[in-house]
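Next come the chains, spelled out residue by residue.
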Amino acid sequence: MPTEQPVPSGQQGFYMLGKCAFLFAYYAMLSRAGLANDVRFKVGLFTVLTPLVKFYCLFERAKTRALQFEFVLSVLHDQIRCACFWFLATSCQGQYYFLFVFGVTISQAVLEYAHYRILNFRNPGSEGSFVVKLGGGLQDQLLTPIVATWFYFLGTLWLDFDRPITSSSFLVYVAAVYASDLVFGSLHFLTHCWPWLWKKHAIHHQYKRQDLNSFANFYTEFLDGLLMNCSMMAIGGVVALTGDCSYIMSDLLFTAALSHHKYNHHIIGPSCFFFEIDCIDLVFGKKRMSTFHYDHHQELDQHFCLMGAVSDGFLNKLFRFVGVDLGRLSTSQKK
């Protein structure tokens, strides 16, 4: 049975290339058949295919009734996330696109906490604690309106909500993933190299791996949070410059939002249009986009990027070339 393989330096090149080539041909075929933008077809395919793939890849691990119940709950979680995605993506367009961000945040937090409560109710104490850290000064709370303003202008001025998915959309999707990971990984790498940035970033790392949940996305110092959100700006920039379908941005935002999710190893990341990417990674036992960054909260100097497209080795070589060394801060300073 396939299991997720740890990939500390990102997706392997040949696997990534082969996966992208296959998926490009697959999405081009759907586009030619007129199915790429067929909502009923995509939702139906998601509803049928994701449980089958998860059953093949994961159900063998469920040797007890408790684990089997958890598996069924994860499948239900996937279906509800898919429905939430379609409701938000079709309702929050144009000047209302900033509401998509709030909708993703709220729906994900509610689903995650409900998932936790159901499992904990069935088997008290099995899920540990659900840690919600709150804090920061007034300026730290300005991050949310700033990000919302960016999405307002993105939806009003740059994104094309009438553009359909085409055979080239997957290439734009891949370009957006690499742009996001290069921006996020580079800025994140620097926060682990420079003491003055680490002091700000260390607040976020008060969330340890065993405590992670979606609220960790917002537990951050203002400047650090602003730097990390530049990855979303990179995705928006790629989609806007290419003039491609806005659903690329929405799908990647839904995936990135899972990076700290308590149950992200159990649920599908992309929430409809490009969900087949996760299915392929599950079948081949590879680290998935939505789960890659999760291990960073256990291994501080690994898994710098968000979705696994850009390797830690590349970032090390890139910044060593310009005189920035990851070893500048000792491990003891980061604890």
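Here the structure is a predicted model, which means the values were calculated and not measured.

Remarks on the side chain of His201
- Relative to the assigned elements, His201 resides in helix α7 (residues 195–201).
- Of note is the side chain of His201, whose polar atom sits 3.2 Å from the side chain of His205.

Some points on the layout of surface pockets
- Space inside the largest pocket adds up to approximately 1000 Å³.
- As for the largest pocket, its lining consists of 46 residues, and the residues nearest its centre are Leu143, Asn217, Phe218, Thr220 and Asn229.
- At the level of elements, α4 (98–122), α5 (143–158), α6 (169–191), α8 (222–228), α9 (230–242) and α10 (247–256) are the ones that each hand at least two residues to the lining of the largest pocket.
- With seven residues, the single largest contributor to the lining of the largest pocket is α4.
- Along the lines of polarity and charge, the residues of the lining of the largest pocket split into 22 nonpolar, 20 polar and four charged.

Topic: helix α12 (residues 312–321)
- Restricting attention to buried positions, one finds in α12 the residues Asp312, Leu315, Asn316 and Phe319. Buried positions in α12, seen along its axis, are confined to an arc of 100° and lie on one side of it. Turned more than 90 degrees from where α12 packs its buried face, Lys317 and Phe321 sit exposed.
- As for α12, its buried residues are in contact with α6.
- Positive backbone phi, at 90°, marks Gly323, one or two positions downstream of α12.

Focus on the packing of helix α1 (residues 13–32) against helix α11 (residues 276–283)
- Look at α1 against α11: their axes get within 11 Å of each other, and the N-to-C directions meet at 135°. Comparing the axis directions of α1 and α11 gives the class oblique. As for the relative orientation of α1 and α11, their crossing is right-handed in sense. Seen from α1, the contacting residues are Tyr15, Lys19, Phe22, Leu23, Tyr26 and Tyr27; seen from α11, they are Glu276, Ile277, Ile280 and Asp281.
- Tallied by class, the residues present in the contact of α1 with α11 amount to seven nonpolar, no polar and three charged.

Criteria and cut-off values
Residues numbered from 1 in each chain as written. Predicted model: local features only at pLDDT ≥ 70, side-chain atom pairs only at ≥ 80, totals over all residues. Heavy atoms only, no water. Helix = DSSP H or I, 4+ residues; strand = E, 2+ residues; numbered from the N terminus. Polar contact = N/O pair within 3.5 Å; in protein donor to acceptor, adjacent residues only side chain to side chain. 1 Å grid on protein atoms, 1.4 Å probe; cavity = no way out; pocket = protein on both sides within 12 Å on 5 of 7 lines; lining within 4 Å. Points joined across faces, edges and corners; volume = space filled by probe spheres on them. Nonpolar A, V, L, I, M, F, W, Y, C, P; charged D, E, K, R; others polar. Buried < 20%, exposed > 50% of the residue type's maximum accessible area, 1.4 Å probe, protein only. Arc of directions from axis to C-beta. Contact = heavy atoms within 4.5 Å. Axes fitted to C-alpha atoms, helices over the stretch in contact; angles between N-to-C directions. Parallel < 35°, antiparallel > 145°, perpendicular 65-115°, else oblique. Left-handed = near helix turned anticlockwise from the far one by under 90°.

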